[in-house]
Amino acid sequence: MMSPLSVRKTAVMAVAAFGMMSWGTAQALLLGTDWGSSSSLYSINAATGTATLIGPTGQAQMIGLVVDSDSTIYAISEEANSKLWKLNASTGAASLIGAIGFNLQEGDMTIDPVSGKMYVSDGAGDKLYTLDKTTGASTLVGSYGSGGRDVSGLQFIGSTLYGLALRDSTVDALGKIDPGTGLFSYIGDTGTNCGVLAAMGRDPSSGTTFIGCPSTSFGSDNQLYSLDLTTGAATSVGALTGVAFSVSGFSTAGDPPILLVPEPASLTLLGLGLAGLAFSRRKQM
């Protein structure tokens, strides 16, 4: 007969094994927003390029999206004095935090996973800022320099800050950005030519970095790409469907991820493992 302690140890081992199988192979859920007369929050399946509507934000022309390690979702509205908002994960509804102090255009936002600081790219102004998460107040970090024209995608990966420069009529480029000065250092051309807006986000469960953007200026013909961070080269995943306007922001919940979709096979293995554990316990009692 197994002792209660042995049963508990066996159960812990079974759950731990499930955790390794599920979390190691599951894919993080991307969240996204779009830029239009009525911006919305979406969940995005990066494997298929399919977006599912969560709900309208209640605001127009949302630029950028980032989810903090505590699962708070932030976005910025493009207007004369742009504002920082929190988005409801279930409905998409926006709650005002405060004005950022300038007109953010064609940019993006990200959070340093080490310091917790929020960084924002003003694509049209070619500058990097930090934002106060509690008030929205901005602080200028610095200019990107000539190589960082129109950085409309921004993403921390570990301690490295990456930026996607659209460079207008020239092919887009990936670069590293110094978070202390804002200076953009060129890595390589992506091979894409996004139309005005873009989004950049990473699936930390697979390590894949994605960019999304319309093919035409402010169009709804959005495309999804995976990105090679060492060369800058983008590989087409396909059309990003289900988004009403130009996609303008991607994010996952934290790093390591909080929002994960377990694979069905892992759930089946867990069920079989727990069923076997229960049978073994009955047999030995």
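1. Notes on the overall build of the protein chain
Helix and strand counts for the protein chain come out as two helices and 22 strands. Within the protein chain, buried positions represent 48% of all 285 residues. For the protein chain, contacts bridging at least 24 residues in sequence account for 49% of all contacts bridging at least 6. Only carbon and sulfur atoms are counted for the fraction: they give 57% of the accessible area of the protein chain, which is about 12,100 Å².

2. Here we look at the state of the cysteines
Applying the stated criterion across every chain yields a total of one disulfide. Paired by a disulfide, Cys 194 and Cys 213 hold their sulfur atoms 2.1 Å apart. Torsion about the S-S bond of the Cys 194 and Cys 213 cystine: about -60 degrees, corresponding to left-handed handedness. Taken together, the residues span a long stretch of sequence, with Cys 194 in the loop between β16 (184-189) and β17 (199-203) and Cys 213 in strand β18 (residues 208-214) at a distance of 19 residues. Accessibility classification places Cys 194 together with Cys 213 in one group, the buried group.

3. Some points on the sheet that holds strand β10 (residues 118-122)
Judged by pairing direction, the sheet is antiparallel, and its four strands sit side by side in the order β9-β10-β11-β12 without closing on themselves. Whereas interior strands pair on both sides, the edge strands pair on one side only; in this sheet they are β9 (108-111) and β12 (138-143). Here the average twist between neighbouring strands, direction ignored, is 25 degrees. As paired elements, β10 and strand β11 (residues 127-131) share five bridges and run antiparallel to each other. Residue pairing across strands places Tyr 119 opposite Thr 130, the latter belonging to β11.

4. What about the pairing of strand β19 (residues 222-227)?
The element β19 is extensively covered by neighbouring structure, given that five of its six residues are classed as buried. Sheet topology places β18 next to β19; six bridges connect them, and they run antiparallel. Pairing of Cys 213 across the sheet is with Gln 223, part of β19. Alignment of β19 against strand β20 (residues 234-239), held across five bridges, turns out to be antiparallel. Looking at the pairing, Tyr 225 lines up with Ser 236 of β20.

5. Things to note about the side chain of Ser 251
Position of Ser 251 relative to the elements: it lies in strand β21 (residues 246-251). Ser 251 sits in the buried class, given a relative accessible area of 7%. Residues within four places of Ser 251 in sequence aside, it is in contact with Leu 29, Leu 30, Leu 31, Leu 65, Val 66 and Val 67.

6. Focus on unusual backbone geometry
Although it is not a glycine, Gln 61 sits at a positive phi angle of roughly 55 degrees. Here Gln 61 is to be found in the loop between β4 (50-56) and β5 (62-67). Among the residues examined, Gln 61 registers a relative accessible area of 27% and is labelled partly exposed. Not every positive phi belongs to a glycine, and Val 196 is a case in point at roughly 70 degrees. You can see Val 196 is positioned in the loop between β16 and β17.

7. Here we look at the environment of Thr 160
By secondary structure assignment, the location of Thr 160 is in strand β14 (residues 160-165). Put simply, Thr 160 and Pro 113 are 47 residues apart on the chain and 10.0 Å apart in space, counted from C-alpha to C-alpha. When neighbours within four sequence positions are excluded, Thr 160 is seen to be in contact with Gln 155 and Lys 176.

8. Some remarks on the sheet that holds strand β3 (residues 40-45)
Read across the sheet, four strands follow the order β4-β3-β2-β21 without closing on themselves; strand pairing throughout is antiparallel. Strands at the two margins of the open sheet, each flanked by one partner only, are β4 and β21. Averaged over neighbouring strand pairs, the angle between their axes works out to 35 degrees when direction is ignored. Two strands pair when backbone bridges link them, and β3 and β4 are joined in this way by six bridges, in the antiparallel orientation. Bridge pairing in β4 links Ile 44 to Ala 51.

Criteria and thresholds
Residues numbered from 1 in each chain as written. Predicted model: local features only at pLDDT ≥ 70, side-chain atom pairs only at ≥ 80, totals over all residues. Heavy atoms only, no water. Helix = DSSP H or I, 4+ residues; strand = E, 2+ residues; numbered from the N terminus. Buried < 20%, exposed > 50% of the residue type's maximum accessible area, 1.4 Å probe, protein only. Contact = heavy atoms within 4.5 Å. Areas by Shrake-Rupley, 256 points an atom, 1.4 Å probe, with all protein chains shown as cover. Disulfide = S-S within 2.5 Å. Pairing = 2+ DSSP bridges. Axes fitted to C-alpha atoms, helices over the stretch in contact; angles between N-to-C directions.

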